Amino acid sequence: MYVVKSPLSDADLKTVSEALQGALVDLVDLALVAKQIHWNVVGPRFRSVHLQLDELVGTARTHSDTVAERASALGVPPDGRAATVAVGSGIDVTPEGWVNDTTAVQTIVDALGAVIGRMRERISASGEPDPVSQDIFIQVTADLEKQHWMFQAENG
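Cut-off values and rules
- Residues numbered from 1 in each chain as written.
- Predicted model: local features only at pLDDT ≥ 70, side-chain atom pairs only at ≥ 80, totals over all residues.
- Heavy atoms only, no water.
- Salt bridge = Lys/Arg side-chain N within 4 Å of Asp/Glu carboxyl O.
- Helix = DSSP H or I, 4+ residues; strand = E, 2+ residues; numbered from the N terminus.
- Buried < 20%, exposed > 50% of the residue type's maximum accessible area, 1.4 Å probe, protein only.
- Polar contact = N/O pair within 3.5 Å; in protein donor to acceptor, adjacent residues only side chain to side chain.
- Contact = heavy atoms within 4.5 Å.
- Core = buried A, V, L, I, M, F, W, Y, C linked by side-chain atoms within 4.5 Å.

Caption draft 1: View of the pattern of salt bridges. Using the criterion set out here, one finds 9 salt bridges in the structure. Between Glu 18 and Lys 14 there is a salt bridge, and its shortest N-O distance comes to 2.5 Å. Taken together, the residues span about one helical turn, with Glu 18 and Lys 14 both in helix α1 (residues 10–40) at a distance of 4 residues. For the salt bridge of Arg 118 with Asp 26, the shortest nitrogen-to-oxygen distance reads 2.7 Å. Linking Arg 118 in helix α4 (residues 101–126) with Asp 26 in helix α1, this pair joins segments that are 92 residues apart in sequence. The partly exposed category is assigned to Arg 118, whose relative accessible area is 26%. Each member of the salt-bridge network shares a partner with another, and the members are Asp 26, Arg 118 and Arg 122.

Caption draft 2: Structural detail: the side chain of Ser 133. Here Ser 133 lies in helix α5 (residues 131–155). A distance of 2.4 Å separates a polar atom in the side chain of Ser 133 from a polar atom in the side chain of Asp 130. Non-local contacts of Ser 133, meaning those with residues more than four positions away in its chain, are made with Val 16, Leu 20, Arg 70, Leu 74 and Ser 126.

Caption draft 3: Structural view of the nonpolar core. Among the nonpolar cores identified, the biggest contains 44 residues, and Leu 30, Leu 56, Ile 108, Leu 112, Met 119, Leu 144 and Phe 151 are the most heavily contacted of them. Broken down by secondary-structure element, the contributors of at least two residues to this core are α1, α2 (46–73), α4 and α5. Once you skip the residues sitting within four places of it in the chain, Leu 30 turns out to touch Leu 56, Ala 60, Ile 91, Ala 111, Leu 112 and Leu 144.

Caption draft 4: Expanded view of the environment of Asp 79. Structurally, Asp 79 is set in the loop between α2 and α3 (82–88). For Asp 79, a relative accessible area of 18% translates into the label buried. Residues Asp 79 and Pro 131, spaced 52 residues apart in sequence, show a C-alpha to C-alpha distance of 22 Å. Looking at Asp 79, its side chain comes within polar contact range of the side chain of Thr 84, at 2.8 Å.

Structure below.
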């Protein structure tokens, strides 16, 4: 059942909806990973890493909403349920318990690297069928790459 009819062809809609759903899953998981580490980071750089993680969470949540609303606008129901995120994310498992600041930062650098790589694939895949969605992926990637740079600089 389609409540909203997409202006895209069925083939283009399939390509774009898969890209949007994948982006949503990655962004939801990125926010969860960053918040988990935010609660458990310890070490001499606790405060700066703790605050930087909240900034990343905000970025991921804002973009996940934009991505989900784009899917809805195209007539595709977004799926951000925990089970969907757990099986679809490209982010490795997050460490349990306390995480020292150096490990915390490296975990986030790795998570961002994985998400950025997948976002760049979505930029390529969406360009022809839907430049509007491609533009969203470009902005998401730019913001995540800025975060990636900042976290990499934390560990020098």
